[in-house]
Structures are given as C-alpha cells and as structure tokens.
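Listed here are the chains, written in short residue letters.
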Amino acid sequence: MTLARYPADLTARPHAHRVLAVGAIAFVYTVVMAGGTLTIPLYVLWASQFGFGSLTTVVVFIAYVVGVVGTLLVAGSLSDAVGRRPVLALSLALTALSTVGFALADGLTVLLISRVLSGVATGLITATATSAIAELVRGRRTAAVLSTAANVGGLSLGVVAAGVLAQCVTAPTHTVFWCYLATCAVAGVSWLVIPETADKTADRTADRTADGTAGRTVRWQPRIRRPVLPDGASRVRSFVASGVLVAASSGVNGFFSSLAPAFLRDDLGVSNFAVIGVGVGTLFISALLAQTVTPAALVRRDIGTALLAVGMIVIEAALWTHSAPLFIVGTVFAGAAVGTLFRHGLSVTDALCDPGNRAELTATYFLFLYSGLVVPVLVLGLADQAVGTRASSTMLAALVVSTALVGLALGRRTESHRINQRT
C-alpha cells in the first residue's frame, strides 16, 4: 500500500474553503478527544455506586488505552487506504455509541465496554485528523499547533465540562453524557463540510505480471501491523527519542486521567466536582498553552524534560504536605512539560514522514504516547493498594522522570551523531 500524493484539487481550493475544512476537522477532533476525559471526574461516583476501588478504576482506564493501542496497531493506516472522511465519521459514530453506553451504564461491564469503544474512536481519529490537518494546512509548525491544540484542547474541555456539570446537575453520571451526545450531533453536522484529503486511489497496489500488465489489486485488510519507523538509523533514533519522551509524559496524563480525582478527594480534601474537574483540567490547559503560545525555539527536549522533573517533584511535595495550591503549581509545570514534549514529538514525526505513510508513522507516534499510559498507571494502582498513596505516587514520579531522561539521552546521542557526520 502506497500513497503517492494528495488529491490534486486541495492546493487549488480557495483559502476560505480550506479554513472552513480545517476548522471542521479540528472541531470533530476536539469533540472525540473530549469524550476520552469526560469520565474522569465521575470515577468517584461510579466507584461508590458500583462498589469498586482504585485498582478497578485503573482497569477501567486501561480498557480505554487497550482500545486506543489495539486500534493503532490494527487500523492505524486505515485512512491512508480508504480516505480520511470515512474514518472520521466512524470515529464520531463510535464516540456517540460509547456515550450512550456511559449514560445507560448499570454496572462495571457496561463501563468497560464503553471505555473500549471510546478508546477505539480515539485510536481512529488521532492519526487520521492529524494527517488531514497536515494535508490542508501550509506550514508544518501551524499544522502541528492546530493538531495538538485540538487533541489536548479536547482533553481539557472534556474533564472541565464534566466536572462543572457534575456539580450543577442531578444524576451527573447520566446527564453529563446526554449533554455530550448533543455535542456529538453538532460535530456530525460539521463533518459534512470536510473534504477528502487523502488519495483514495493509492490503496491499490497492483502486482505486475511478466508482460507488464497489472495483476491483482491489493487493498487494506484488518491485521496487526508492525509499527512503522522512518528510513535511516539517525532518523529512527530521533523518532524513537521523541516517542520515549512523549511516553514518559503520558505517565502524568495517566495519573490525572485515572486516580487524580480520588487523590484530590481523599488526600487533599477536595470534594467539589467542579474543583476536581478544573484541578485535573489544569494539566491539559497548561499543556494546550505550552503548545499554542510557546515560541518554537523553546519547544525542545531538554526544556520539556526539565519542566517534567520540576512538575513531578512539586506534585509529590503537595501530596506529602496535603497542599492543594502546591498541587496546582506542580500540575501547571507538568502540563507545560506534556504540551512541550507532545508538540516537539509531533513536529519531528511530521518532518520524518512521507506523504505515502503519513497516517502510519503518526499512528506509531501515538502508539508510543498511549503505550506510555499503561505501565505507570497500572503500577500506581497496584502500589496504591499495597503501600499507600504517597509512596505509590513517588514510585510513579521516579518512573516518569527516569524514562524521560532515557529519551533525552537518546535524543542528544542523535544530535551528536549528526554533528560528527558534518565534521
């Protein structure tokens, strides 16, 4: 399967049409990503309603990650073959289906199934929407900023909106999702103006017979695919370094997306759902600001790693001293690190990919990101029951920072190799 070019009429489209199309893609992307964090402030309610603890909360969260990672492995390149529009529509439909599941959930089984469906939707849209924006927007930096803003902006909007609604409405575990379903309907209408940006004829790779005529047509088939890497040892090291760093930052995302609400309630004495939503959302808002307003010269591996280390240290200090304000300060630093490392990695990925494997390579990058959620959060859930909140969070902080340092060292090795090649 190869994808040689974009449709010829894309560059000829009027500027206003392209802006409208990019806006529609970004809106759909934002809405689907919001569905991934909508559940965060509600975990404590479900835990009380269905009678489960921190480890089960982690399992429910990991069900989402399994959906994402499985989809990236099986269908990460789907939109390269069938087009961006159908995959965007499928992602939005699965999001709506999972939302109905959450709204009607009467037990743990329905929660798990709904989280898996939400993860599948996220796995489908990340590489697809990112590729579609890159194909419509002139300028890699602008495309990267828009993609990351839609991704992380959706995450922040989901958790904040869910927290505020949960505090203001009755039956929040139902009402929040019915309100979100209406937003999905609006996103479905905006999908209608999205053009196709992929060359759909390129999913056909014909085998040549001996006389030079085309043989059978090979189309995309669902199967577990080996993650794609760029060509060249130096390019691979640069890509993997960015992947390791974004995986490290994902450990922070995992903590905030699963157990942070319980930590805020039980260890810091925060019981207001709106405050919990804003507290967790601060991570994503800080990440969003780091991606959209930080000068390109500051979007670097070393700066992101330093911010991550400072953020984790301050968060740990907050948990040990039971200080909610200190927790917010640490969250701002950690969020800035997440945004910096995510934007840097996405820019590296975009620079290394070819038009024919844009979605595949982007899917591999997101595979790094979401794989980085599993191990730290699972360790945190198990350790929380065994040794308590503060000790388990210290273990998480050490794991996240040490992983980031590995990625930083690998990136510096790549840069040193390039310098040696020039001299």
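Source: prediction; values computed, not measured.

(A) Region of interest: the side chain of Asp267. Tracing the sequence through the fold places Asp267 in the loop between helix H10 (260-266) and helix H11 (273-293). Judged by relative accessible area, Asp267 falls into the buried class, the value being 17%. Those residues within four positions of Asp267 in sequence are excluded, and the remaining contacts are Ala262, His322 and Thr389.

(B) Local environment of the packing of aromatic side chains. Evaluated as defined, the whole model comprises 12 aromatic pairs. Relative to Phe177, the ring of Phe102 has its centre 5.1 Å away and its plane inclined at 25 degrees; by these criteria the two rings are stacked. Residue Phe102 is located in helix H5 (residues 84-104), and its partner Phe177 is located in helix H8 (residues 172-191); the two are separated by 75 residues in the primary sequence. Phe102 gets classed as buried once you look at its relative accessible area, which sits at 2%.

(C) The packing of helix H12 (residues 301-321) against helix H13 (residues 324-352), seen in detail. Interaxial distance between H12 and H13 falls to 7 Å at its minimum, and their mutual angle equals 155 degrees. Classed by the angle they form, the pair H12 and H13 counts as roughly antiparallel. The two elements H12 and H13 meet at a crossing, and its hand is left-handed. Along the lines of polarity and charge, the residues of the contact of H12 with H13 split into 16 nonpolar, eight polar and one charged.

(D) Representation of the side chain of Thr128. Position of Thr128 relative to the elements: it lies in helix H6 (residues 108-136). On the accessibility criterion, Thr128 (2% relative accessible area) is buried. Not counting residues up to four positions away in its chain, the partners in contact with Thr128 are Ser79, Arg84, Val87 and Leu88.

(E) Examining the pattern of salt bridges more closely. The tally for this structure, following the rule as stated, stands at four salt bridges. In this structure, Arg84 and Glu135 form a salt bridge, with 2.5 Å as the shortest nitrogen-oxygen distance. Within this pair, whereas Arg84 is found in helix H5, its partner Glu135 is found in helix H6, the two being separated by 51 residues in sequence. Assigned by exposure class, Arg84 and Glu135 land together as buried. Across the salt bridge formed by Arg265 and Asp266, the nearest N and O atoms sit 2.8 Å from each other. Since its relative accessible area comes to 37%, Arg265 is described here as partly exposed. When its relative accessible area of 52% is taken as the criterion, Asp266 is described as exposed. Each of Asp80, Arg84 and Glu135 takes part in salt bridges that share partners, so that together they form one network.

Conventions used here
- Residues numbered from 1 in each chain as written.
- Predicted model: local features only at pLDDT ≥ 70, side-chain atom pairs only at ≥ 80, totals over all residues.
- Heavy atoms only, no water.
- Helix = DSSP H or I, 4+ residues; strand = E, 2+ residues; numbered from the N terminus.
- Buried < 20%, exposed > 50% of the residue type's maximum accessible area, 1.4 Å probe, protein only.
- Contact = heavy atoms within 4.5 Å.
- Phe/Tyr/Trp six-rings, centres within 6.5 Å; stacked < 30°, edge-to-face > 60°.
- Axes fitted to C-alpha atoms, helices over the stretch in contact; angles between N-to-C directions.
- Parallel < 35°, antiparallel > 145°, perpendicular 65-115°, else oblique.
- Left-handed = near helix turned anticlockwise from the far one by under 90°.
- Nonpolar A, V, L, I, M, F, W, Y, C, P; charged D, E, K, R; others polar.
- Salt bridge = Lys/Arg side-chain N within 4 Å of Asp/Glu carboxyl O.

Spatial relationships are all this shows, so hold off on functional conclusions.
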